[in-house]
Each structure stands twice: as structure tokens, then as C-alpha cells.
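# Structural characterization, general
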Amino acid sequence: MLCLLIIFGAISWVNALPSAATCSNSLPKPNVPGAIVTSLTASVVRDYAVNITGESNNWPGQNITGLGFCQVNVSLTHPGTGDHVNNQVWLPLTGWNGIFLGVGGGGYVAGSWSSLAPAVERGYAAVSTDAGHAQNNSGDATSWALVSEGDVNQNLLLDFASRSIHDMTVLGKAVTTSFYGSSPKYAYWQGCSTGGRQGLMEAQMYPNDYDGIVASAPAINWNDFTPAQQWPYTVMNNEHYSPPQCEFDAVNAAAVAACDHLDGLQDGIIAAPGLCKFDPSSLVGKNYTCDTDGTTRRFSSKAATVVKKIWQGPTAANGTALWYGILPGTNFSSLAPTETFSNGTTVAEPFGISDSWFRDFLFKDANYNTSNITYAEFPGLIRQSHVEYDSIMGTMNANLSTFRAAGGKMITWQGLADNLIMPNGTMEYFSRVKALDQNVTDFYRVFFAPGVGHCGGGGSGPIPDDTLMALRKWVENGTAPEVLPGSSGFKVNGTIRHQNLCLYPLVSKYNGKGDPTSASSFTCAKNF
């Protein structure tokens, strides 16, 4: 029996729960078209505890204790592939809100079991998958990418790209219905990065799976942005100069000093990176203090060249842009990591996810030395990435008409200081969706967070307080979000800063006189 409650303006369905005895291996195996369910086991878990640090699938880090749920393990295979995909459905023993939630992964990990805990604590029946490979290395696909040298495991790549996400949704809904004796009233997806790409893939390929999708910092345009992630490493190798991280940090500090004011508020954030014209060449020959050891050093022309090329993004020999770079003010250490040794020598290191893509999926050789890639080779590798993998990994289809016709709603948010996935790529995707449907905001809305890093990591800008609840209000009672209320863990004079994220392409503009820690001091405007 379902009881309807109205809580804080959002609809909540509270189900009369079965007893813990219902959580048993006698739960019927779900029917998953195209797959064979090889096993189903269920057991009661009590007093589950996990400490989740940092943002996790759009929820803040937290220490969870005393959680009770029915854990259902469902394994399946796709005939003729030899794959073995594990899925887990966690079902609250008390307080189920009547809603089903799919939870995404990150990097090369399709999902994780511990990421289900925040969902269950909030009353959701939740599901995740391993897509047929281990969950322990999000930055490297080498353990599963190749059947043998030169032969990509296309079946596991398909599982990772889309198939397992749809399968887990089908089986998750079926298990939830069997356990509670009634179907979920609504189904939602929530994920960031790879989880964001998975959400967009669901909207594109399986538009009836979810009523609403939170697809944050989505790893779409995979065959453009993943090579672009490798570009900084290629630049440092081709320029024969790898700046120590403190030199990168000093360049960023100078960029912030030059461009912080462009949004009308000096707060240590470049909120208008598109207006920032700072040229790192202006620093050449000037001294800076290395923040790691306190030494005084001098900016080099080589460092200026490296930074300009990284900000510019990959280009062809004729100067044609092939994709975007990270924006000024964004931390360099993720995509341009370097290591400085005791003798003062600094060397470039590759970013794991993109390096694995090049080694495993483009060169099809797990031991390939990617430091040898030249500027001349780079455009051809991007073309190869498109030719071989657009159909399976691209997630670039801008035609969301079937998702819209199904009544689906979707929200994307991303930090403007995203240190892994270029915000301009998300803007471009939204523009392509809008080109096909001028009324795109009737079903798909995008928001950008100034000064925020990847999936809320790093930076001092505002992170959305509860994107999923904003989506629920839109789906369940028709209240479309004009802003996403946000707050920052970075305090200003001991006060938590609050600021709304504005509906793109609007920007959050300071009114020039109000309390900079108050959301009421900002207005959504067409420009700064």
C-alpha cells in the first residue's frame, strides 16, 4: 500500500514495507531481455557503515552508520560473449520512499556498491553495476580492455558504454517490485562524470528507463575530450619542458589576479573564464615564490608556451582547434601532473584515464609508450578515436526527442573550473540539442558553477545543494528549476557562502553591494 505525503513542496511516496524475511534467495529472478540471469542471492544487511569522503554522485561526503537494507546480488551474461556482469540492488528495510534510483560510476568504473549507501539512507531503492569488470581501478582499463594485443574486448566495452546500465535498470526495477509488492512510482538516474555520460546515454538510447536524469559533468563527447585530456602530456613532451607544479600554481594565481574582477566580485574565483584574456607570456622573466618549498624562481618562456597550449587545447598543424582546453583558473595537477625529484629535475606524467584510452583502445598495446606521441600524430589519433568508437562510446547524439516524448526531464550541472572534462564541450552539446529543439529547456536544463572543480571536487565556488530534489520537483509536480541553490565549503570570514547556479546561458552576477556570502546578492543575468 502506498501513502502519499507532501514534504517541502515535493511529492514523496512512502510504501508499507515487507518484513526482512522477504529478503531471501526465493525472490524471483528478473527477466532481462538479451541477457541470461545466472544467479540471484539476497541477504539482510544491518548496521552497515561507510565513510564517504568528498562529493559522491551529487551528494556531499558523509559518515554513514547503522544502515539496514536488503542486498540483492544479480549476476548475468549475454549469450555468446562470455561476460559475467554483477549487479547489486539495495532495498531499504524501513522508510522506502517509493522511488527507484540508478547510481552511476566514475572513470572506467561503471558503478560501485558503496555509492548506493547515501541513496538508501535517503530512502531510495538503488542499483549499480560493475559492467563485467573490476571496480577497483577507475583510472585504467588495461585489466579488461584487450582480449589480446591488437584485439579490443568489444563486448566488455559495450557493457561499460551502455548495455549494463540498461540491464541493471531493468533488473533493478523488477527486484524492487518483487520485494515491495508494488512498482516504484518514479525512476531516477543520478551520476557525475562517467555517471553523467551514463545518464545521457540512457536518455539517448533507452529514453523510457528513467523519468528524470541528473547527468553532472557528463563524460560525453568521449572521443574528443578523452584525447584532449592527453594533450597536456603531449605538449610537455613535445616542448621538452615540464613545469613543476608550483610554477603551474603561480600561473593560475596570476590568472586569477588578472581575471577575478571580470564578474564584478573579487573572491578568488574566475567566474567569467570566457572573458579572461590573460596571457602567461606576460610573466616571462618575473620572479615567483614556489609554494612547495618557499624558494624564489623565475618564469620561463617554455612554461608560458606550455600553459598557452594547454589552455588552447589540441590543435592541428594549421592551427585548427580540435577540441577545448581547461579554462584559466583551473587546477593543472590533474591533466598536467608532473613530478619533481630531489635533484631538481621535473618530468611529465600522463593522466591515467586518457593514457589508458590511447594505449589500450587506440594503439591496442597495454605497454605502448605514449610519451612518444608527436604533434603531427595527434590529429590522426583523434580521428581514429571517432572512427572506431563513436558508435559505442561517443554519447554525442543531440536528438533527445524520444526522451522528451516519454515525459523525461534532465538536469546537468558542471563546474567552470572542471579539471578533467572541459565545460565548453558540455556547452557545445547543449547548443546542439537546442539547435534541434528550441524549447529544450522544457525538458533539459544546464547550470554552471563558477570556481568549482570536477564533480564538486576542489575550488571554492558554490556546489548545488540537492540537484536530485530539484529534478524530483520538476518531474513530480511540474516545478522547473530556474536556479540550483548552491553553497560552498570555502568560508568567507567564517561564513558559508551561498549562491544560486543560473540556468545556462544566464550567469550569476553580483549586485555590487550586497553580502557576497548571500544568494540574494546575486542575480541571473545575460552577461556580466
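Residues numbered from 1 in each chain as written. Predicted model: local features only at pLDDT ≥ 70, side-chain atom pairs only at ≥ 80, totals over all residues. Heavy atoms only, no water.

## With respect to the pattern of salt bridges
For the structure shown, the criterion picks out 13 salt bridges. Among the ionic pairs, Arg297 bridges to Asp293, the shortest N-O distance being 2.9 Å. Residue Glu476 pairs with Arg472 through a salt bridge whose shortest N-O separation is 2.9 Å. With a gap of 4 residues between them, Glu476 and Arg472 both fall in helix H12 (residues 467-477), about one helical turn apart. Neither Glu476 nor Arg472 differs from the other in exposure class; each is buried. Among the charged side chains, a network of salt bridges with common partners joins Asp140, Asp355, Arg359 and Asp360. (Salt bridge = Lys/Arg side-chain N within 4 Å of Asp/Glu carboxyl O. Helix = DSSP H or I, 4+ residues; strand = E, 2+ residues; numbered from the N terminus. Buried < 20%, exposed > 50% of the residue type's maximum accessible area, 1.4 Å probe, protein only.)

## A short note on the packing of aromatic side chains
Enumeration over the complete set of coordinates arrives at 31 aromatic pairs. Here the aromatic rings of Tyr48 and Phe69 are separated by 5.6 Å at their centres, their planes lie at 75°, and the arrangement is edge-to-face. Taken together, the positions of Tyr48 in strand E3 (residues 36-52) and Phe69 in strand E4 (residues 62-77) put the pair 21 residues apart, joining distant regions of the chain. By relative accessible area, Phe69 is classed as buried at 0%. Relative to Phe378, the ring of Phe358 has its centre 5.8 Å away and its plane inclined at 35°; by these criteria the two rings are tilted. With a gap of 20 residues between them, Phe358 in helix H8 (residues 352-362) and Phe378 in helix H9 (residues 378-393) connect regions that are remote in the sequence. Residue Phe378 is classed as buried on the basis of its relative accessible area of 0%. If you follow Lys173 out to its NZ or CZ, it ends over the ring of Tyr210, 5.9 Å from the centre. Over the aromatic face of Tyr375 sits the side chain of Lys309, whose NZ or CZ is 5.2 Å from the ring centroid. (Phe/Tyr/Trp six-rings, centres within 6.5 Å; stacked < 30°, edge-to-face > 60°. Lys NZ or Arg CZ within 6 Å of the ring centre and 35° of its normal.)

## A word on the nonpolar core
Residues Tyr108, Phe278, Trp357 and Phe361 are the most contacted members of the largest nonpolar core, which totals 61 residues. Elements with a contribution of two residues or more to this core: helix H2 (142-145), helix H3 (154-180), helix H5 (222-239), helix H6 (245-259), helix H7 (301-312), H8 and H9. A total of 8 residues in this core trace back to one element, the largest contributor, which is H6. Judged by nonpolar contacts, the second largest core, of 47 residues, contains Ile165, Met410, Met427 and Val440. (Core = buried A, V, L, I, M, F, W, Y, C linked by side-chain atoms within 4.5 Å.)

## Here's the deal with the domain arrangement of the protein chain
Split by domain assignment, the protein chain resolves into domain 1 (36-222 + 392-483) and domain 2 (224-389). The C-alpha-based centres of domain 1 and domain 2 are spaced at 29 Å. Of the residues lining the interface, 38 residues belong to domain 1; the matching set on domain 2 comes to 31 residues. Both sides of the domain 1 and domain 2 interface together cover about 2,900 Å² of buried area, and 65% of this is carbon and sulfur. Among the ionic pairs, Arg359 bridges to Asp140, the shortest N-O distance being 3.5 Å. If you look at where domain 1 meets domain 2, you find 17 residue pairs in polar contact (both at pLDDT 80 or more). Looking at the side of domain 1 that touches domain 2, the elements that each hand over two or more residues are H2, H3, H9 and helix H11 (423-436). (Domains from an automatic or database assignment. Contact = heavy atoms within 4.5 Å. Buried area = accessible area lost by both parts, 1.4 Å probe. Polar contact = N/O pair within 3.5 Å; in protein donor to acceptor, adjacent residues only side chain to side chain.)

## Examining the state of the cysteines
Scanning all chains against the criterion turns up 5 disulfides. Paired through a disulfide, Cys23 and Cys70 show a sulfur-sulfur distance of 2.1 Å. Linking Cys23 and Cys70, the disulfide has an S-S dihedral of approximately 85° and is accordingly described as right-handed. Linking Cys23 in the loop between strand E2 (10-15) and E3 with Cys70 in strand E4, this pair joins segments that are 47 residues apart in sequence. Across the disulfide from Cys259 sits Cys276; the S-S distance is 2.1 Å. (Disulfide = S-S within 2.5 Å.)

## Examining the environment of Val45
With respect to the helices, strands and loops of the structure, Val45 is situated in strand E3. Owing to a relative accessible area of 17%, Val45 belongs among the buried residues under this scheme. Here the alpha-carbon distance between Val45 and Leu91, two residues 46 residues apart in the chain, equals 9.9 Å.

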